[in-house]
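# Structure assessment
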Amino acid sequence: MTELPFRQIHLDFHTSEHIPLVGAEFDAEEFARTLDEARVNSITCFARCHHGLMYYNSKRFPERIHPNLVNRNLLLEQIEACHKHGIRVPIYTTIQWDYYTAVRHPEWRVIGPDGQLSGTKPYEAGFYQDLCVNTPYRDFIWAHVEEMLEMLPVDGFFFDIVKPYDCSCRYCQQGMKEAGLDPTKEADRLAYNKLVLDKFRLELSEFVRERNPDATIFYNAGHIGPFVRESKDAYSHFELESLPSGGWGYMHFPLTARYARNLGLDCVSHTGKFHTSWGDFHSFKNKAALEFECFRMLALNCKCEIGDQLHPSGKIDKYVYELIGSVYSQVEKKEPWCRGAKAVSEIGLLTTEEFTGERVPVATAGAVQMLQEAGHQFEVLDTRSSFDAYRLLILPDGVRLTEAAAAKLDEYVAAGGKLIVTGLSGLNPEGTESALKSLGVRLKDNPQLADDGLPVGGRQVGDFLQYVDYILPREAIGKGLPPTEHAMYIKAVEIEAAPDAEVLADVVASYFDRTWEHFCSHRQTPSSGKVVQPAVVRNGNTIYFAHPIFTLYHKNAPRWCKQLLLNAIELLIGQPLLSHNGPTTVFATVNEQPDANRWVVHLLHYIPERRSQEIDIIEDVIPLYNLEVAVKVPAEVKSVTCVPEMRPLEFELLDGTLRFTLDKVHGHQMIEIAFA
Ligand SMILES: [Zn+2]
């Protein structure tokens, strides 16, 4: 496996042809020294940008060299100077966004099913005209990559914008017909596009590796999810682009990282030094936010990468690198406890992305949030993952199951595994019946139907508050909640429990659904007091929730949805791997370094706040005091130490549970648990 450096920069350089004297103030030694002083050990630099212009002395495509590039060896000198300082330089080039090509070769552009060219229109600002890699554009890419391999010292390639698109160009239409697909059907077009992109990635990587077997290779689509499985061999590693202030938010990174780290390749995650997103020149991220984002990467087994953009003059900004250095110097000290570290997890959360294709799948995001707030240790999986390592699996709201996937889960439960299934999860692909035998519930006959002819229960239909009901928890599942009705803003799936299954909570109906003919007050209709069906059902090792509690939590985070879930987890697995007495804003992970015979607990406390219309802000570090932590450990413990400062902690080990107290957590604290 390729092991990536910990402290990386992604140095954007999309530079307009209307800007003069490009690279005129570039000083190779100043460039590399500034990076070195900021403790950077890898920087991705530009061969060609989204304007379609080049920053090396191309012989095959001299017309594409930036017209105002003063130093035609800009990229070469960046690489050579960095190499002298021991800094790697993967090369950036763009694939699907190239303005120069798009305006000269409209026949290579993606054509939507409406016949329109896809992307930025002629009289709008921007270079987002999508190019189709199933056209002769591909030949240009191959020639460009071959030339870079011949002319430049190549550590690796970052191929940007290799993303799904819905294309009806003549090459794609022809290809679909040859593959026996129907180009008039959206599903067929998207399936064909998946084949085109997988083939593109696999063939381009083969071409690169024949010429440079050691080059790292990554294809960026702004996200890593189940779609990478078929072309995983094309990647040397994964880069998780996820700028919290750049449209991804703070929820995306942990979701994608907990999935990507299980695919067997090393991962690095991108944030940015920008206040907002890429291209936000002359802006700065707050230091506390940059710390949180980088340290959270370490806690989730990723290497760090900070996005920056070089000014067209080519002069590196020393103030930006003072900021980056203030964080990367801390990362460098933490690295010995992160190198080769693997997560220790006991819960597997299956992602709904496999079915919805969403970058932040609603139900899964709600589940990630709930589990993190409680300090649970978990991975994000899909139906093709191995389930063996987990004590508990969770299927949030919309995980449909083929016969094979259902059989795999039933076997897992029969072997002692625990399972929580919610809402419409666990149904067969047609959604007509539960595919799982172990669940102890079945769909009711003749459920209430919505206008679209599909059952109302388990999904949002029309107005958010039109179809609601209430959950009435019984004793065990209701711990920490008043024993009364709690609003469920989406109605339960209509189910019946098997006779020997245990009902843990009931569904109480509202008086009526909210329509123009009958409604009550400002929002949802109140409880009628009438119990109509089970809401939560336990059947041995499984617990089923009839409501989509994760979708509800992602929407507006009712605490009772989380409390019900946490109670269900406790009923099934008892004491969790890690617990603490801190607030729900603590982010806690457990990693292991088998070679060093130790575990490393990461505790983070930074609170993003919605201070503006657009983005969440972190400005301050709010310290925590006297945080008590309990960790279930597999062996005798030799020592517990705050690292990297090497401050020993007193601890107590009783019946396999290690307990220690931190007098203070300021931002991020790692605790080494050394085994005897
Ligand atoms: Zn096409």
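Up top you'll find the structure we're talking about.
Now for a look at the structure at hand. Quantities reported herein were computed from a predicted structural model and do not represent experimental measurements.

A separate point is the sheet that holds strand S27 (residues 637–643). The strand order across the open sheet formed by six strands is S9-S22-S23-S31-S27-S28, and the pairing between neighbours is antiparallel. On the outer flanks of this sheet lie strand S9 (342–343) and strand S28 (647–649), each paired with one strand and no other. The pairing of strand S23 (residues 598–604) with strand S31 (residues 668–675) spans seven bridges and is antiparallel. Bridge pairing in S31 places leucine 603 opposite glutamine 669. Set on the sheet, helix H8 (residues 287–299) makes contact with strand S22 (587–593), S23 and S31; between it and S23 the angle comes to about 150°.

Our focus in this paragraph is the side chain of arginine 48. Checked against the element boundaries, arginine 48 lands in the loop between strand S2 (42–46) and helix H2 (74–84). Looking at arginine 48, its side chain comes within polar contact range of the side chain of threonine 93, at 2.8 Å. A distance of 2.7 Å separates the side chain of arginine 48 from the backbone oxygen of threonine 94, its partner in a polar contact. Each residue touching arginine 48, except ones within four places of it in the same chain, is listed here: Leu53, Met54, Tyr55, Arg64, Tyr92, Thr93, Thr94, Asp98, Tyr137, Phe140, Ile141 and His144.

Moving on, we get to the packing of helix H13 (residues 549–556) against helix H14 (residues 559–573). At a minimum axis distance of 9 Å, the contact between H13 and H14 shows a crossing angle of 140°. Accordingly, the angle class assigned to the pair H13 and H14 is oblique. H14 is crossed by H13, and the crossing has left-handed handedness. Residues Ile549, Phe550, Leu552 and Tyr553 of H13 touch H14, and the partners they reach there are Cys561, Lys562 and Leu565.

Across the five residues of strand S15 (residues 469–473), four count as buried, placing the element largely inside the fold. In terms of strand pairing, S15 meets strand S16 (residues 486–488) through three bridges, oriented antiparallel. Within S16, the residue paired with isoleucine 471 across the bridge is histidine 486. Where S15 meets strand S18 (residues 502–510), five bridges bridge the pair, whose relative direction is antiparallel. What sits directly across from tyrosine 470, in S18, is valine 508.

Once that is clear, we can look at the pattern of salt bridges. Where charged atoms from two side chains of opposite charge come close, those side chains can pair. Per the stated rule, a full pass over the model turns up 42 salt bridges. Put simply, lysine 199 and glutamate 203 hold a salt bridge, and the shortest N to O gap is 3.6 Å. Here glutamate 203 and lysine 199 lie together in helix H6 (residues 186–211), a separation of four residues that amounts to about one turn. When its relative accessible area of 46% is taken as the criterion, lysine 199 is described as partly exposed. On the basis of relative accessible area, glutamate 203 is assigned to the partly exposed category, the value being 27%. The partner of aspartate 616 in a salt bridge is arginine 610, and the shortest N-O contact between them spans 2.6 Å. The class of arginine 610 is exposed, set by a relative accessible area of 53%. Connected through salt bridges with shared partners, the residues Arg7, Asp36, Arg39, Glu332, Glu335 and Arg339 form a single ionic network.

Criteria and thresholds
- Residues numbered from 1 in each chain as written.
- Predicted model: local features only at pLDDT ≥ 70, side-chain atom pairs only at ≥ 80, totals over all residues.
- Heavy atoms only, no water.
- Pairing = 2+ DSSP bridges.
- Helix = DSSP H or I, 4+ residues; strand = E, 2+ residues; numbered from the N terminus.
- Contact = heavy atoms within 4.5 Å.
- Axes fitted to C-alpha atoms, helices over the stretch in contact; angles between N-to-C directions.
- Polar contact = N/O pair within 3.5 Å; in protein donor to acceptor, adjacent residues only side chain to side chain.
- Parallel < 35°, antiparallel > 145°, perpendicular 65-115°, else oblique.
- Left-handed = near helix turned anticlockwise from the far one by under 90°.
- Buried < 20%, exposed > 50% of the residue type's maximum accessible area, 1.4 Å probe, protein only.
- Salt bridge = Lys/Arg side-chain N within 4 Å of Asp/Glu carboxyl O.

The quantities given are spatial measurements derived from coordinates; they are silent on function.
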